[in-house]
Structure formats: structure tokens, C-alpha cells
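# Descriptive structure summary
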Amino acid sequence: FDAEIDTSTAPKRPKLQERTDYSRWRMLDEAGRHTWHYLEDDEDVEEWPQSHADKYFLGLPLNLPDLPPVKTPLDSVKNGLEFFQHLQLPPGNWGCEYGGPMFLLPGLVVTWTVTETPIPDHVATEMKNYLFARANPEDGGWGLHIEGESTVFGTAMNYTTLRLLGVSEEDERMIKARGTLHKMGGATRAPHWAKFWLSVLGVCQWDIVNPCPPEFWLLPDWVPFHPWRWWIHMRQVFLPMGFIWSNRWTGKITPLVLQLRQELFTETYSTIKWNANRNNIYEKDDYHPKTWLLKTAFWALANVYPYFRPDSLKKKAEDWAFKLIQMEDKNTDFSNLGPVNGPMNFLACYIKERPDAYSVQRHRERMEDFLWVKEEGMLMNGTNGVQCWDTAFLIQSVMDADLAEDPKWRPMLTKALEFLEDQQIRENVDDQPLCYRQQRKGAWAFSNKDQGYAVSDCISEALKAVLVLQRTPGYPTLLEDQRIFDAIDTLLTYQNESGGCASYEPTRGSERLEMLNAAEVFGRIMIEYDYPECTTAVVTALSLFTKYYPDYRSADIKAFKDRAIGYIRKAQYPNGSWYGSWGICFTYAGMFAMESLASIGETYENSEHVRKGCDFLLSKQREDGGWSESYRSCERAIYTEHPSGSQVVMTAWSCIALLEAHYPDRAPIEKGLKLIMSRQQPNGEWLQEAIEGVFNKSCMISYPNYKFVFPMKALGIFAKRYGDIALL
Ligand code: LAN
């Protein structure tokens, strides 16, 4: 391989330290764009002091005073707010780490490496620390997410990442991880995405990657499996992946790449049969085994199609795919939909345009938006933040506690309202039909408007917050009626035939497309599905809207709600529960379901569905008054307790559900709230417990602000309903 080796221009590898100096990290929030900065210069440190939020995120002591002891639910909410207000960021929003998935950093670090982007020492140091902190203690490997057992995906990719960051192969932790990887069969048994990244890096050869031809994008739109019909996360990853795959592009083969070829496999590199390993996958990585149809299609695409693939067609497909990549870049100002397609689009631009092109530079800058520093080190977030989502919930919690009119919280809430005002998406994207985007005018995204992807429930939650808060005495009307109507118009485009709502778009393809799910590690990802949480959030928002604007599109809204409620009833399991797809799991969906049913007047007294829902939740309440649900619930679709006992967040969700249901006996609710209150710290905070969120059934993701917003919401609703009576 000597001829291929190129050491001349390879970027110098970062110098790793044990730790960085945590008093030098700062998080900058520019209108909801979060980036972390390491101040090497002492003068900068003085000029830009660390905020409470910085310290909190970094796990440094805040030294906030103890607050008066709590007796009543509102005492507890007030103490919670007292603490949480310190974490509000200058534009008015809240921030948090959004970690969990363990497959994101590798894509970024491989992209940085092959695009010869220098990795600052402090970044490499803290990424290394995070990855080691999150290695599984027993075997030193990594799983798909932070709570998962070791897989080839997690272990091969994070091992490679650490090597690219400058860790020696002789480090004891690396020896252990390598042993685990080899025990699982080595990187030839990795799933598709890992094979893709390792081929980009030059550690695997492209023949090991199942085909992802960009020609799919040239199919006429009526074709039932055209990518425009796929779930947006799948098609937006498939897009740059197809472009890069078609180019069979590989970075420079450096000595480190050659070393990795020795480290990642159980066989000698030169004897590996790349073709033959395309479908080789370690059992634990194979959450969604490929269907015979997909395997046959792959076989034909790999063995037959190349003989019929004229260069002109290849070029046409690549060009069109690149145009679509450019539209995505333009529409998001290079933020991109998420942390998987972000680095891939970056690489596609690097391949197609000059390394010093604007697109490459801007992508390089945008990578920072995904990074986060916490006490364990630096990680890559699942999105470019949780800004709009968490801010909307915080506003709702304060309103539910009837504290919005208290002058004490007015400045905080006014800022939060200003943030949501600023983040409302005002226009549809350019070339909307051409790049298959959904209407978004008037909507909110989950993170910020730069990313700009509307989501049904993100619109709903933000809208609820804005609607009520700006009608509360003492608050400005920042969104005039037309802007509210824009949000409603967009929201009303989200309904499926079934009456349910999905996430980013109404469902565009058949469930049979799941037969083409090639990602292996995730289930049910190919199309949009109806989600109880999304549907219920939309219903609640529409109900609230009609209270304020009874005349606007009232017939459409009524029809929408009737059909949505039909879906919600149908989606209830025979045992009375609803399956949650984005939070863990039945307690999360139960809360949304009860809220939405309450919003149309259905409560324990008059609804069989609500009664069954309450009975289900009550059957899961624990001795200590709390609820505890493990992420295993999501994988198994059966309520599963978390081994570490009651959890504040799930207890709050269940209490909110029972309160919304007007469950007649307040004793179990009081018991739950007592548990929540007893877990509150003297300074008003709640501590992090088990992970709260999930996606694609198998991958967990953290929502650290849930431990604030939902307990406060539950306590607030209780106080409003029963009075602020002493519970402790
Ligand atoms: C999210 C985060 C937010 C979440 C809610 C708004 C909570 C949900 O109700 C609707 C779906 C949505 C928007 C959602 C979809 C999938 C995301 C974007 C994520 C779980 C965060 C990370 C995940 C994304 C797919 C991660 C990248 C992985 C791939 C498989 C591409």
C-alpha cells in the first residue's frame, strides 16, 4: 500500500491532555445557536465570566444558597423556578446536553479527518474523556446509546474515533475495547453506516458497503418507493450517503489508517473478502434484519446493475443528488436536519467543491452547533439543541401553576416569549416542492429556526405557550393574529388518513417500505408513522386555539379534531396504555393522551378510555408513590420497570395524566407528588436520574430539562386544582 500512503499533508494530530481547565469553557447562545468556546487567554477569561448556566452544564458548583424548606406544591415550584431561572440563557431560552446516541461523534471525527479539518487539542481531549467515560465498564466497548450493551457499531466506530483523536492503541482501555470488538467478530460485522464511514476513512474497502445508488432520486415521483416518501431522517441521510457512495470517495491513506486496518479486524486485512461481508452483521447490532427482498435488491444492485449503469446516468444522478444537498444546505444555512446528514453534507461539498469553498467553510463552522461539554467531556448532541421545545414546556409549567402573573417571574417569562417569537419560522423554504419539503410557515422547529424543520408537536407546544402567555395580563402581544393563523394553517396540514399525526410530515409512503430498511440498527424508520404524542399535542393545541379564536377555520378544526380523537382512541392498547415513541414510554404517552382527551372534555367521569388509561397507570404506581419506567419498555412494547426505582420524570408524567383525567381520588397523586418534592434539593434543583427519551425504538436520548419542567407542571396543576395544601 506504500504508494497510497500520504503523510505529507496529513493534518497534525491533536495533543491530548488528561483534562482541560473547566473554568475556561463558555457556552455562547446567539439567538438560539449554541456553540462552546475554550478561552485559552487569561484576559478573555476575565472579560467573559462563566455564567451559572455554563457552570451547571459543566458540573461545576453553583454555590447557590439553600432555599426555604418546602411544604406545599407551590413552595416546590417556586424553589424549582428559583433554581431554573439561573439557567435561562440570554436570548430567553434554556439549553441542555442532548446526548444518548453513541454513533454521532464518529461521523463527525471521520469527516474532520478526511476533510483535513484541524481538531483543537481541547476538543480532542474532552471528546476522548467523554468516550472513555461512556465505555461499558465490563467490556470496554460501546453500544448504540449510552445505556446499551456493546455492539460492533458502537465499539468499532468509537474505537476508531479515539484513535483519530490521538489515543494510542496501547492504552489499556483501547486494548480492552479492541478485545471486545474482536470477540464480536471485528469491524467486518458492522452495520451499514459503520461500513460506510470506515470506507470513507479508507479502513474498509467500498465493496463492503451495500449499494446506495443516488439514481433513486431520478425515479418519477409516483414510484411507491421513491425516497421523497421516506421518513425525512432516512432520506436526508441516504441523500449525501448515496452521493459519496457513488463517488466511492476515500480520504488520504495515512499511516494511522494503515494501522487501523490492522486493529479493527480479526483477519489479516489483505485476505478480507469485502464483497462477501456486506451482509455480515453481529447479532446484537441486527435490530432490524434485512428482508430477503432487500438482500436480493442489494445483490442485483451490486452484481448486475454496474454493467448496465452508463456513466451518463451515474453523473446525472450524482448531479441531482448534489443539487438536493445544496437545497438542504441553503434552506438550513448549513445547519442541516441533524447530526448524521450534517457531517455527510459537509463531506459531499468537500468532494464536489473546492476545499476552500464557502460551503465547506460554513459546514465546518456549523459542526460546532452539535457539540456540547459536560462534566464527562465533549459529546455530540442528537440535534443542534432542544431550544424551542424546552422553552415552550417551561412557559406552560409556570402558567399551569398560575404563577405567570407573579411579577417575580415576569421578566423570565417575557424573555422566553421573546425567544419563541424570534424563533417562529416566517416563510416556507425556497423550492419547496422541488426538494420535497413540507409547508412550514408559522411553525416552530424542535431546536431553532436556522435548522427550520417544523414538527407537528413542536408547533403545538410552542403555540400553546405563546397563545396563553401573550393573553396573560402583564405580557406583550408579540405575535399578531396572522402569525398565529399561519401556525394553525401549517398544523392543519399534518393529518393522515388515519386521523393521526406523524412528526415532520404527513406519512408519504406505505409501511411496506420497511422492507427496504437497510440501517439494521433501527426499527420502523422508513416512513412517518402516526404517533400518539404528536397527535395528542396537536389536538390540545387546536382546542386551546379555538377558545381564543372560535371563528377561524372552525369547521376544519372540528373535523381534524374528531378524526384525531378517533385515532387516539384506536391507538390505546387493550390494557389502557398508549405507546410512546419519543419519551419513555407508556407514562410519557399517557400524559399526552389524557391532556388531549381532557381538552375535548373527556375525563375519568365520562370516558371509558380515560378510565382505562388511569387504571393502567395506577397499576404501575410503586409503594413509594412513584413510577419508574425503563427504556426497555420502548424496545419490548411492554411496561418495564427501571432497576433503580422510582423516577421523578415518569412520576411527574403519571401525575399530570391523572390530574388531567380528573381522577377522583387524590391520594395516589399526592403520594406521587410527595416523592417528587422529597427528591428536590435544598437549592431547588432536581438531580439527573435515568434517561428520559427515545427514538426509533432502540436508541435512547437525554432530555435533562424534563426533570425541571414536568415536576413543576404536575405540582402546579395540583395546587390549582386542590389548593396549595401542605404535602410534606
Ligand atoms: C427527535 C427529537 C424531538 C422529537 C419530538 C419532538 C420529541 C417528537 O415528538 C417528534 C420527533 C422528534 C422531532 C425527533 C425525531 C428524531 C430525532 C431527530 C430526535 C429523536 C432527536 C434525534 C433523532 C435523529 C433521527 C437522530 C439521528 C439519527 C438518525 C437515525 C438519522
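All of the points below concern the structure found in this document.

Conventions we followed
- Residues numbered from 1 in each chain as written.
- Predicted model: local features only at pLDDT ≥ 70, side-chain atom pairs only at ≥ 80, totals over all residues.
- Heavy atoms only, no water.
- Helix = DSSP H or I, 4+ residues; strand = E, 2+ residues; numbered from the N terminus.
- Expected span 1.5 Å × (residues − 1).
- Buried < 20%, exposed > 50% of the residue type's maximum accessible area, 1.4 Å probe, protein only.
- Contact = heavy atoms within 4.5 Å.
- Near = heavy atom within 4 Å.
- Polar contact = N/O pair within 3.5 Å; in protein donor to acceptor, adjacent residues only side chain to side chain.
- Areas by Shrake-Rupley, 256 points an atom, 1.4 Å probe, with all protein chains shown as cover.
- Nonpolar A, V, L, I, M, F, W, Y, C, P; charged D, E, K, R; others polar.
- 1 Å grid on protein atoms, 1.4 Å probe; cavity = no way out; pocket = protein on both sides within 12 Å on 5 of 7 lines; lining within 4 Å.
- Points joined across faces, edges and corners; volume = space filled by probe spheres on them.
- Phe/Tyr/Trp six-rings, centres within 6.5 Å; stacked < 30°, edge-to-face > 60°.
- Lys NZ or Arg CZ within 6 Å of the ring centre and 35° of its normal.
- Patch = residues over 30% accessible without salt bridge, like charges linked within 9 Å, V, L, I, M, F, W, Y side chains within 5 Å.
- Salt bridge = Lys/Arg side-chain N within 4 Å of Asp/Glu carboxyl O.

Moving on: helix H3 (residues 73-84). Residues spaced three or four apart along an α-helix point in a common direction, a consequence of the helix completing one turn every 3.6 residues. Here H3 spans 16 Å end to end across 12 residues, near enough to the 16 Å set by a 1.5 Å rise per residue. Among the 12 residues in H3, nine count as buried, and that is most of the element. For H3, the full list of buried residues reads Pro73, Leu74, Ser76, Val77, Asn79, Gly80, Leu81, Phe83 and Phe84. As for H3, its buried residues are in contact with helix H2 (52-58), helix H16 (387-400), helix H17 (410-423), helix H26 (667-678) and helix H27 (706-722).

Residues in contact with the ligand amount to 24 residues; listed here are only the nearest, Tyr98, His233, Asp457, Tyr504 and Trp582. Side-chain polar atom of Asp457 to an oxygen atom of the ligand: 2.3 Å apart, as the coordinates give it. Burial of the ligand by the surrounding chains reaches 99%, relative to a free accessible area of 630 Å². Elements supplying a minimum of two residues to the shell around the ligand: helix H9 (232-247) and helix H18 (456-469). Per element, the largest residue contribution to the shell around the ligand is three residues, and it comes from H9. Among the residues forming the shell around the ligand, the class breakdown is 18 nonpolar, five polar and one charged.

Attention now goes to the layout of surface pockets. A probe matching the size of a water molecule, rolled over the atoms, marks out where space remains unfilled. Estimated volume of the largest pocket: approximately 760 Å³. Along the wall of the largest pocket there are 25 residues; nearest its centre are Asp400, Val468, Leu544, Lys547 and Lys720. Among the elements of the structure, H16, H18, helix H20 (532-548), helix H22 (586-599) and H27 are those that each provide at least two residues to the lining of the largest pocket. Ranked by the residues each element gives to the lining of the largest pocket, the list is headed by H20, at five residues. In terms of residue class, the lining of the largest pocket is made up of nine nonpolar, six polar and 10 charged. Of the pockets and cavities examined, the second largest pocket occupies roughly 640 Å³. Lining the second largest pocket are 29 residues; nearest its centre among them are Phe216, Phe225, Trp230, Leu294 and Leu516. Listed by contribution, the elements that provide at least two residues to the lining of the second largest pocket are helix H8 (192-201), H9 and helix H11 (292-303). Looking at the lining of the second largest pocket element by element, the count peaks at five residues for H11.

Before going further, it helps to examine the packing of aromatic side chains. Considering all chains together, one arrives at 59 aromatic pairs under this definition. Ring plane angle 25° and centroid distance 4.6 Å describe the contact between Phe84 and Phe708, whose orientation is recorded as stacked. Of the two residues, Phe84 sits in helix H3 while Phe708 sits in helix H27, which places them 624 residues apart along the sequence. Phe84 gets classed as buried once you look at its relative accessible area, which sits at 1%. With relative accessibility at 0%, the residue Phe708 sits in the buried group. Every member of this aromatic cluster is reached through a ring pair, and the members are Tyr98, Trp389, Phe393, Phe446, Tyr588, Phe592, Trp653, Tyr703, Tyr706 and Phe710. Its guanidinium or amino end placed over the ring of Tyr549, Arg471 lies 5.2 Å from that ring's centre, counting from NZ or CZ. Note that Arg524 overlies the ring of Tyr529, its terminal NZ or CZ placed 3.8 Å from the centroid.

Attention shifts here to a nonpolar patch on the surface. A grouping of Trp299, Val304, Tyr307 and Phe308 is seen on the molecular surface, where their side chains present a nonpolar patch of about 530 Å² in accessible area. Inspection of the secondary structure puts Val304 in the loop between H11 and helix H12 (305-308). Assessed through its relative accessible area of 32%, Val304 is described here as partly exposed.

According to the stated counting rule, one finds six cavities of 30 Å³ or more in the structure shown. Roughly 570 Å³ of internal volume is contained in the largest cavity. Trp231, His233, Tyr504, Trp582 and Phe695 are, among the 33 residues lining the largest cavity, the residues nearest its centre. Contributions of two or more residues to the lining of the largest cavity are made by H9, H18 and strand E5 (693-695). Among the residues forming the lining of the largest cavity, the class breakdown is 25 nonpolar, seven polar and one charged.

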